[in-house]
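Structural features, examined
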Amino acid sequence: RTRPSLLEYLSYLLNFMSIIAGPCSNYKDYIAFIEGRHVHIKLLEVNWKQKGYDRLPDPSPTGAVMYKLCITLASLILFLTLTKNFPMAYIIDNEFLDKTPFLSRLGYLYVVTQAAKPKYYFAWTLADAVNNAAGYGFSGVDERGTFRWDLLSNLNIWNIETATSFKMYIENWNIQTAAWLKCVCYDRAPRYPTALTFILSALWHGIYPGYYFTFLTGILITLAARAIRKNCRHYFLLSMPLKVAYDVVTWVVTQLAVCYTVAPFVMLAVEPTVKFYK
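Residues numbered from 1 in each chain as written. Predicted model: local features only at pLDDT ≥ 70, side-chain atom pairs only at ≥ 80, totals over all residues. Heavy atoms only, no water.

Notes on the environment of Leu-44
- Take Leu-44: it is sitting in the loop between helix 3 (38–43) and helix 4 (62–85).
- Sequence separation between Leu-44 and Gly-140 is 96 residues; the distance between their C-alpha atoms is 9.1 Å. (Helix = DSSP H or I, 4+ residues; strand = E, 2+ residues; numbered from the N terminus.)

A word on the packing of aromatic side chains
- This model, assessed by the stated rule, comprises 26 aromatic pairs.
- With a centroid separation of 5.4 Å and an interplanar angle of 70 degrees, the aromatic rings of Tyr-90 and Tyr-108 are classed as edge-to-face. Remark: Tyr-108 occurs in helix 6 (residues 102–116) and Tyr-90 occurs in the loop between helix 4 and helix 5 (94–99); sequence separation between them is 18 residues.
- Relative accessible area serves as the criterion here: at 38%, Tyr-90 is assigned to the partly exposed category.
- An aromatic cluster of at least three residues, connected via ring pairs, comprises Tyr-12, Tyr-27, Tyr-30, Phe-33 and Tyr-136. (Phe/Tyr/Trp six-rings, centres within 6.5 Å; stacked < 30°, edge-to-face > 60°. Buried < 20%, exposed > 50% of the residue type's maximum accessible area, 1.4 Å probe, protein only.)

Looking at a nonpolar patch on the surface
- On the surface, Leu-6, Tyr-9, Leu-10, Leu-13, Leu-14, Ile-19 and Ile-20 cluster together to form a nonpolar patch covering roughly 760 Å² of accessible area.
- Looking at the element boundaries, Leu-10 is found in helix 1 (residues 6–14). (Patch = residues over 30% accessible without salt bridge, like charges linked within 9 Å, V, L, I, M, F, W, Y side chains within 5 Å. Areas by Shrake-Rupley, 256 points an atom, 1.4 Å probe, with all protein chains shown as cover. Salt bridge = Lys/Arg side-chain N within 4 Å of Asp/Glu carboxyl O.)

Quick look at the side chain of Thr-261
- Within the secondary structure, Thr-261 sits in helix 13 (residues 240–267).
- With a relative accessible area of 3%, Thr-261 lands in the buried category.
- Dropping the residues within four chain positions of it, Thr-261 is found in contact with Phe-166, Thr-214, Thr-217, Gly-218 and Ile-221. (Contact = heavy atoms within 4.5 Å.)

Overview of the state of the cysteines
- On inspection of all chains with the given rule, the structure shows 0 disulfides.
- Considering cysteine sulfurs only, Cys-183 is the nearest to Cys-24, which forms no disulfide, with 9.2 Å between them.
- Note on Cys-24: relative accessible area 30%, which makes it partly exposed. (Disulfide = S-S within 2.5 Å.)

Here's the deal with the nonpolar core
- In terms of nonpolar packing, the biggest core is built from 14 residues, with Leu-155, Ile-160, Tyr-169, Phe-198 and Phe-215 touching the most fellow members.
- Looking at this core, the elements that each hand over two or more residues are helix 7 (118–133), helix 9 (166–171), helix 11 (193–205), helix 12 (209–232) and helix 13.
- For this core, the element with the highest residue contribution is helix 12, accounting for 3 residues.
- Leaving out residues up to four positions away in the same chain, Phe-215 has contacts with Phe-198, Ser-201, Ala-202, His-205 and Phe-265.
- Counting residues in each nonpolar core, the second largest holds 11 residues, with Ile-92, Cys-259, Ala-263 and Phe-276 among its members. (Core = buried A, V, L, I, M, F, W, Y, C linked by side-chain atoms within 4.5 Å.)

Comments concerning helix 12
- If you check helix 12, its first and last C-alpha atoms are 34 Å apart, about what 24 residues at 1.5 Å a residue would give, namely 34 Å.
- Considered for burial, the residues of helix 12 that qualify are Gly-210, Tyr-211, Thr-214, Phe-215, Thr-217, Gly-218, Ile-219 and Thr-222.
- Among the structural elements, helix 9, helix 11, helix 13 and helix 14 (270–277) are those in contact with the buried residues of helix 12. (Expected span 1.5 Å × (residues − 1).)

So, the pattern of salt bridges
- Taken as a whole and judged by the stated rule, the model has 9 salt bridges.
- Across the pair Glu-35 and Arg-37 runs a salt bridge whose closest N-O atoms are separated by 2.7 Å.
- When the shortest N-O distance is used, the salt bridge between Asp-247 and Lys-243 registers 2.8 Å. With Asp-247 and Lys-243 both in helix 13 and 4 residues apart, the pair spans about one turn of that helix.

Concerning helix 10 (residues 175–186)
- Helix length check: helix 10 (12 residues) gives 14 Å between terminal C-alpha atoms against 16 Å at 1.5 Å per residue, more than 12% under.
- Summarising the contacts, the buried residues of helix 10 are in contact with helix 11.

Let's talk about the side chain of Lys-68
- Along the polypeptide, Lys-68 turns up in helix 4.
- Judged by relative accessible area, Lys-68 falls into the buried class, the value being 9%.
- Polar contacts involving the side chain of Lys-68 include one to the main-chain carbonyl oxygen of Trp-149, which spans 2.6 Å.
- Discounting chain neighbours no more than four positions away, the residues touching Lys-68 are Thr-125, Asp-128, Ala-129, Asn-132, Trp-149 and Ser-153. (Polar contact = N/O pair within 3.5 Å; in protein donor to acceptor, adjacent residues only side chain to side chain.)

In short, the description is geometric, and any link to function would need to be established separately.
Below, the structure is given as structure tokens:
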């Protein structure tokens, strides 16, 4: 509500915890952290007397930091082993295309896309852990009374890997940047907010053609997924077996749609992308 001073503004933009890999942070949360009010504000949202406390607890980030460091280590090991064995370039290799059946190619596409993910899991989880280690990222208390340190988390790996809709997938991937895009574009766009937000995201990523193939495809996939879900999902909620079958099918379709959409993002150039599409 008040304009930040130059020092506050530069502190927010250039803070050492997130200048290299993020995550993008809300200015209000950041200033509350710098002024020492960040944790206190979140704790005041809970009635501690009702829980038997006579004063506010002092949540420690140690557990959250150790857990996230374990994820970064696992992600690093997976990336160094999987990427070497399953390179994305192989899906456009002439011999592979000539000799491999279509369904096997789809299966391999899923595998190579999975192999490309751990580097993002590594970078974003490590960046989150760095902020937590500095005491930033406390988001409150969940319904079980557990302290949460996910205010700046950039991804939810479980929700990504089990996503049954394109919307669910992108909502759990690069979360802080998605929140920024929603704020500066989606909520402000007078028309076509979905398309404009995807286009802005492509521009934000850079000038490689692969980014534009991915995000323009993402517009079509999002609109199609939204239409199918709206028109078909309610038919499969009548019984548990139908619901389970729907979830299995939509999981497979979502994962393959994501693989198809993001392959150009990894390959970057026009020629391999067009070959992949063919």
